[in-house]
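Spelled out, the chains give:
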Amino acid sequence: MSDQSHQLGTSQQQPSITVELTASEPAQSESPSLPRPKLSSQSYRDAVVGRPLSADKHRKDVEEKEEKELPKPVGYIKLLRYATAFDWLLMLLGTLSAIAHGIAFPGGMLVYGDITNAFVNHAASLTLANDNSVSVSNTLLVDFANLTGGIVDCSASYFIEGLQTSLTLGEALVLIFGSQARCLDDGAFISEVNTSVYIFLGIAGGAFLAGWVQVWLFQMAAERQVKKIRLTYYRSVLRQDIGWFDVNSSGELSNRLLDDTGRIYAGIGDNTAILIQWVTTFFAAFVVGLIQEWRLALV
């Protein structure tokens, strides 16, 4: 009996084992692993604390839009869109001052050249008046020193035997040194040098005044325009919805009020006056060079 009951118990347990195995195998093969949703750390943290994702999504969209929309360069005239009639008047007067300042430098060099020529002509006059003989194109000029006593007399006329003509000291200088030479006695030399020095000092003082005026006028016009830009931007910020402040931080607003408007100020301020000044200097110097000696200016 015990053997039969043991066999019977064994026969009753085997189907159950078979059923469990057959039932467990399909469960492992037929249950596919579902992909887990991938959340960023920020989204997961917001979901845990119960923060809505709409604000983050809006911020992300705004950041992507700002990255795609790069700032376009603005022309100089568009920077002056907030200029009033008085600002345009200030910039016009500043432009005239910058032009005057630019002309002053080549003008001063022209006067300095006149002073140098006066010294050269006076020295040449003294040399010819004290020289025993001067040879020009194998023609011997008479001794002016014997006739003038070594004193420069530009108006005296003397007969030159080698040339069979009468020449003054000034004409002899032109014959020897070229058309730019002039006879200068002591009185004429001192008078011409003093006049050139006074003109040079006047140009220097005018250049200093024009430089100060050009910077002052352009800076005043720029400050007035930047002030208007800041007020307009601040009023525009106050009219925005409350959601706009969630996307834009207060530090960004203050940075734009200071940094961006500072760049505009640098662009329309005294740098414009300096640009006008040096452009004027370039063209004025070129014109002076063409007038004085066009062949040398073209080299």
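Predicted model only: the values in this text are computed from it and were never measured.

This part is about the environment of Asn 121. By the element assignment, Asn 121 lies in helix α5 (residues 85–130). Residues Asn 121 and Cys 183 lie 62 residues apart in sequence; the distance between their C-alpha atoms is 6.2 Å.

What follows is about the layout of surface pockets. In this structure, the second largest pocket spans a volume of roughly 250 Å³. Lining the second largest pocket are Met 109, Leu 110, Gly 113, Asp 114, Asn 117, Asn 121, Gln 180, Arg 182, Glu 192, Gln 292 and Glu 293. Residue assignment for the lining of the second largest pocket shows that the elements contributing at least two residues are α5 and α11 (270–297).

Okay, α11 next. Over its 28 residues, α11 runs only 31 Å from end to end, short of the ideal 40 Å by more than 12%, given 1.5 Å per residue. At Ile 291, α11 shows its largest kink, close to 90 degrees. Listed in full, the buried residues belonging to α11 are Thr 272, Ala 273, Gln 277, Thr 280, Thr 281 and Ala 284.

Let us now look at a nonpolar patch on the surface. A cluster of nonpolar side chains, Phe 86, Leu 89, Leu 92, Leu 93, Leu 96, Ile 99 and Ile 103, forms an exposed patch at the surface whose accessible area comes to about 610 Å². A residue is classified by how much of its surface remains accessible, and Leu 93, at 40% relative accessible area, is partly exposed.

Evaluated as defined, the whole model comprises three aromatic pairs. Both rings, one in Phe 119 and one in Phe 189, keep their centres 5.0 Å apart while their planes meet at 80 degrees; by these two values the pair is edge-to-face. Of the two residues, Phe 119 is situated in helix α5 and Phe 189 in helix α8 (residues 186–238); the sequence distance between them amounts to 70 residues. Owing to a relative accessible area of 49%, Phe 119 belongs among the partly exposed residues under this scheme. Ring plane angle 5 degrees and centroid distance 5.8 Å describe the contact between Trp 212 and Trp 216, whose orientation is recorded as stacked. Of this pair, Trp 212 and Trp 216 both sit in helix α8, four residues apart, roughly one helical turn. Among the residues examined, Trp 212 registers a relative accessible area of 52% and is labelled exposed. Under the relative-accessibility criterion, Trp 216 is labelled partly exposed at 42%.

Turning to the packing of α5 against α11, a few remarks are in order. With their axes 7 Å apart at the nearest point, α5 and α11 run at an angle of 35 degrees to one another. The element α5 and its partner α11 pack so that their crossing is right-handed. In this structure, α5 contributes Thr 95, Ala 98, Ile 99, His 101, Gly 102, Ile 103, Phe 105, Pro 106 and Leu 110 to the contact, and α11 contributes Ala 273, Ile 276, Gln 277, Thr 280, Thr 281, Ala 284, Ala 285, Val 288 and Gln 292. Residue composition of the contact of α5 with α11, grouped by class: eleven nonpolar, seven polar and no charged.

To continue, consider the side chain of Ser 125. Along the chain, Ser 125 falls in helix α5. Taking relative accessible area as the criterion, Ser 125 reaches 0% and is therefore assigned buried. A polar side-chain atom of Ser 125 sits 2.8 Å from the main-chain carbonyl oxygen of Asn 121. Excluding anything up to four places from it in sequence, Ser 125 contacts Val 152, Leu 169, Leu 173, Arg 182, Cys 183 and Leu 184.

This paragraph deals with the pattern of salt bridges. Scanning all chains against the criterion turns up four salt bridges. Of the charged contacts in the structure, one is a salt bridge between Asp 87 and Arg 224, with a shortest N-O distance of 2.5 Å. Here the residue Asp 87 occupies a position in helix α5, and Arg 224 occupies one in helix α8, the gap between them amounting to 137 residues. The exposure class of Arg 224 is partly exposed, given its relative accessible area of 37%. With a closest N to O distance of 2.8 Å, Arg 295 and Glu 293 form a salt bridge. Exposure remark for Arg 295: the relative accessible area of 54% places this residue in the exposed category. Glu 293 gets classed as partly exposed once you look at its relative accessible area, which sits at 30%.

Right, let's talk about the confidence of the model for the protein chain for a bit. Should pLDDT be low for a region, the predicted coordinates there are not to be read in detail. When the pLDDT values of the protein chain are averaged, the result is 76; 67% of them are 70 or greater. Within the protein chain, no element has a lower average pLDDT than helix α1 (residues 2–30), which sits at 44, and none a higher one than α8, at 92. The model gives residues 1–32 a pLDDT under 50, and that stretch makes one contact with residues more than four places away or in other chains.

Here we take up the packing of α5 against helix α7 (residues 169–177). Interhelical geometry of α5 versus α7 gives an angle of 105 degrees and a closest axis separation of 10 Å. Taken together, the axes of α5 and α7 lie roughly perpendicular to each other. Side by side, α5 and α7 meet where Ala 124, Ser 125, Leu 128 and Ala 129 of the first sit next to Leu 169, Ala 172, Leu 173, Ile 176 and Phe 177 of the second. The class makeup of the residues in the contact of α5 with α7 is eight nonpolar, one polar and no charged.

Calculation criteria
Residues numbered from 1 in each chain as written. Predicted model: local features only at pLDDT ≥ 70, side-chain atom pairs only at ≥ 80, totals over all residues. Heavy atoms only, no water. Helix = DSSP H or I, 4+ residues; strand = E, 2+ residues; numbered from the N terminus. 1 Å grid on protein atoms, 1.4 Å probe; cavity = no way out; pocket = protein on both sides within 12 Å on 5 of 7 lines; lining within 4 Å. Points joined across faces, edges and corners; volume = space filled by probe spheres on them. Expected span 1.5 Å × (residues − 1). Bend = angle between axes of the 7 residues up to and from the residue. Buried < 20%, exposed > 50% of the residue type's maximum accessible area, 1.4 Å probe, protein only. Patch = residues over 30% accessible without salt bridge, like charges linked within 9 Å, V, L, I, M, F, W, Y side chains within 5 Å. Areas by Shrake-Rupley, 256 points an atom, 1.4 Å probe, with all protein chains shown as cover. Salt bridge = Lys/Arg side-chain N within 4 Å of Asp/Glu carboxyl O. Phe/Tyr/Trp six-rings, centres within 6.5 Å; stacked < 30°, edge-to-face > 60°. Axes fitted to C-alpha atoms, helices over the stretch in contact; angles between N-to-C directions. Left-handed = near helix turned anticlockwise from the far one by under 90°. Contact = heavy atoms within 4.5 Å. Nonpolar A, V, L, I, M, F, W, Y, C, P; charged D, E, K, R; others polar. Polar contact = N/O pair within 3.5 Å; in protein donor to acceptor, adjacent residues only side chain to side chain. pLDDT = per-residue confidence, 0-100. Parallel < 35°, antiparallel > 145°, perpendicular 65-115°, else oblique.

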